[in-house]
Amino acid sequence: MKFFIDTANLDQIKEAQDLGILDGVTTNPSLMAKEGIKGVNNIKQHYVNICEIVDGDVSAEVIATDFEGMIKEGEELAALHPQIVVKIPCIKAGIKAIKYLTGKNIRTNCTLIFSAGQALLAAKAGATYVSPFIGRLDDIGTDGIGLIEQIAGMFSRYGFETEVLAASVRHTMHILQCIEAGADVATCPLNAITGLLKHPLTDSGLETFLADYNKLNS
């Protein structure tokens with residue numbers, strides 16, 4: 001499974017890249033705002049800065065919600081860097097935009113997916129990725145991981161090449177559940193990824209090894 005980091009923070013992206021396990025980055029307007037990135041030109045430059053850090057795909061989200069606006073923004077974003085994947089919301093105009101951009105060989109990530117039906121339409125339109133938001137589904141008492149499993153099974157059954165990108169991943173257990181459910185990608189905060197390193201037996205084992213070494217060399 002691929003690991004994407006869900007942030008616009010360059011320091012966190014560099015830290016994940018330095019681990020040697022990072023496959024890409026996802027961002028959105030809220031994450032840009034959190035980093036104080038304002039203005040269209042500054043946002044575009046920030047996307048380029050991210051692409052210069054990582055080797056994989058970088059999802060850059062359109063702001064427009066109409067077909068013409070999404071096409072215009074999508075083409076502009078895709079022109080910034082070869083690693084850019086245009087992030088499009090799962091609405092009627094968005095599905096049309098995905099179909100159009102796919103025809104122009106521009107890769108897309110259909111975001112704000114909350115049902116298998118939405119994922120199906122995005123895949124048929126040619127989306128490179130679909131992004132089901134599992135954490136937000138869990139928040140309203142719906143089975144987010146179950147949706148990942150349903151979409152992954154559907155794509156496998158019918159031979160769709162669209163990848164399932166599990167989004168709104170909140171914690172380390174979500175990552176492990178996404179693996180079991182068949183997600184191709186999980187996009188997560190840095191602490192969820194580094195959380196996979198943590199186990200009390202690793203800590204106690206290392207402490208014992210170091211203590212024994214010190215005894216032998218004292």
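Residues numbered from 1 in each chain as written. Predicted model: local features only at pLDDT ≥ 70, side-chain atom pairs only at ≥ 80, totals over all residues. Heavy atoms only, no water.

1. Let's talk about the sheet that holds strand β4 (residues 84–89)
Part 1: An order of β1-β2-β3-β4-β5-β6-β7-β8 is seen for the eight strands of this closed barrel, with the pairing classed as parallel. Across the sheet, the mean angle separating the axes of adjacent strands is 30° when strand polarity is ignored.
Part 2: As defined by bridge partners, strand β7 (residues 163–166) adjoins strand β8 (residues 185–188) across two bridges and the pair is classed as parallel. Along β8, the bridge assignment pairs L165 with V185.
Part 3: In this fold helix α3 (residues 40–51) packs onto β2 (24–26), β3 (57–61) and β4, with an angle of close to 165° to the strand it touches most, β3.
Part 4: The strands touched by helix α4 (residues 67–78) are β3 and β4; relative to β4, the strand with the most contacts, the crossing angle is about 160°. (Pairing = 2+ DSSP bridges. Helix = DSSP H or I, 4+ residues; strand = E, 2+ residues; numbered from the N terminus. Axes fitted to C-alpha atoms, helices over the stretch in contact; angles between N-to-C directions. Contact = heavy atoms within 4.5 Å.)

2. A closer look at the nonpolar core
Part 1: Counting 62 residues, the largest nonpolar core has C110 and I151 as its most contacted members.
Part 2: Of all the elements, helix α8 (residues 144–158) adds the most residues to this core, at seven residues.
Part 3: In this structure I151 touches I113, S115, A116, A119, V130, P132 and V164, once residues within four positions along its chain are discounted.
Part 4: Listed in part, the seven residues of the second largest apolar core include V85, F133, L165 and V185. (Core = buried A, V, L, I, M, F, W, Y, C linked by side-chain atoms within 4.5 Å. Buried < 20%, exposed > 50% of the residue type's maximum accessible area, 1.4 Å probe, protein only.)

3. As for helix α5 (residues 92–103)
Part 1: Taking 1.5 Å per residue as the helical rise, α5 with its 12 residues ought to reach 16 Å, and the 17 Å between its terminal C-alpha atoms agrees with that figure.
Part 2: Listed in full, the buried residues belonging to α5 are A93, G94, I95, A97, I98 and L101.
Part 3: Once α5 finishes, N105 follows within two positions and takes phi at roughly 60°, a positive value. (Expected span 1.5 Å × (residues − 1).)

4. Observations concerning unusual backbone geometry
Backbone phi values are negative for most residues with the exception of glycine, while trans is the configuration of most peptide bonds.
Part 1: Residues other than glycine seldom take positive phi values, yet L112 does so here, at roughly 60°.
Part 2: As for its position among the elements, L112 is in strand β5 (residues 108–113).
Part 3: Of the residues examined, L112 reaches a relative accessible area of 31% and is grouped as partly exposed.
Part 4: With a phi close to 55°, S168 is a non-glycine residue in the positive phi region.
Part 5: Within the secondary structure, S168 sits in the loop between β7 and α9 (172–181).
Part 6: Note on S168: relative accessible area 13%, which makes it buried.

5. Thoughts on the layout of surface pockets
Part 1: Roughly 570 Å³ of volume is contained in the largest pocket.
Part 2: Along the wall of the largest pocket there are 29 residues; nearest its centre are D6, N28, S30, L31 and R136.
Part 3: Per-element accounting of the lining of the largest pocket gives the leading share, four residues, to helix α2 (residues 29–34).
Part 4: In terms of residue class, the lining of the largest pocket is built from 10 nonpolar, 12 polar and seven charged.
Part 5: Lining of the second largest pocket is provided by N28, P29, M32, V40, I43, K44, Y47, E61, I63, E73, E76 and L77.
Part 6: Listing elements by their share of the lining of the second largest pocket, those giving two or more residues are α2, α3 and α4.
Part 7: Ranked by residues supplied to the lining of the second largest pocket, first place goes to α3 with four residues.
Part 8: Class assignment of the residues belonging to the lining of the second largest pocket gives a composition of seven nonpolar, one polar and four charged. (1 Å grid on protein atoms, 1.4 Å probe; cavity = no way out; pocket = protein on both sides within 12 Å on 5 of 7 lines; lining within 4 Å. Points joined across faces, edges and corners; volume = space filled by probe spheres on them. Nonpolar A, V, L, I, M, F, W, Y, C, P; charged D, E, K, R; others polar.)

6. Quick word on α4
Part 1: The first and last C-alpha atoms of α4 sit 16 Å apart over 12 residues, in line with the 16 Å expected at 1.5 Å per residue.
Part 2: Residues of α4 that are buried include every one of G69, M70, I71, G74 and L77, and no others.
Part 3: Contacts made by the buried residues of α4 are with α3, β3, β4 and α5.

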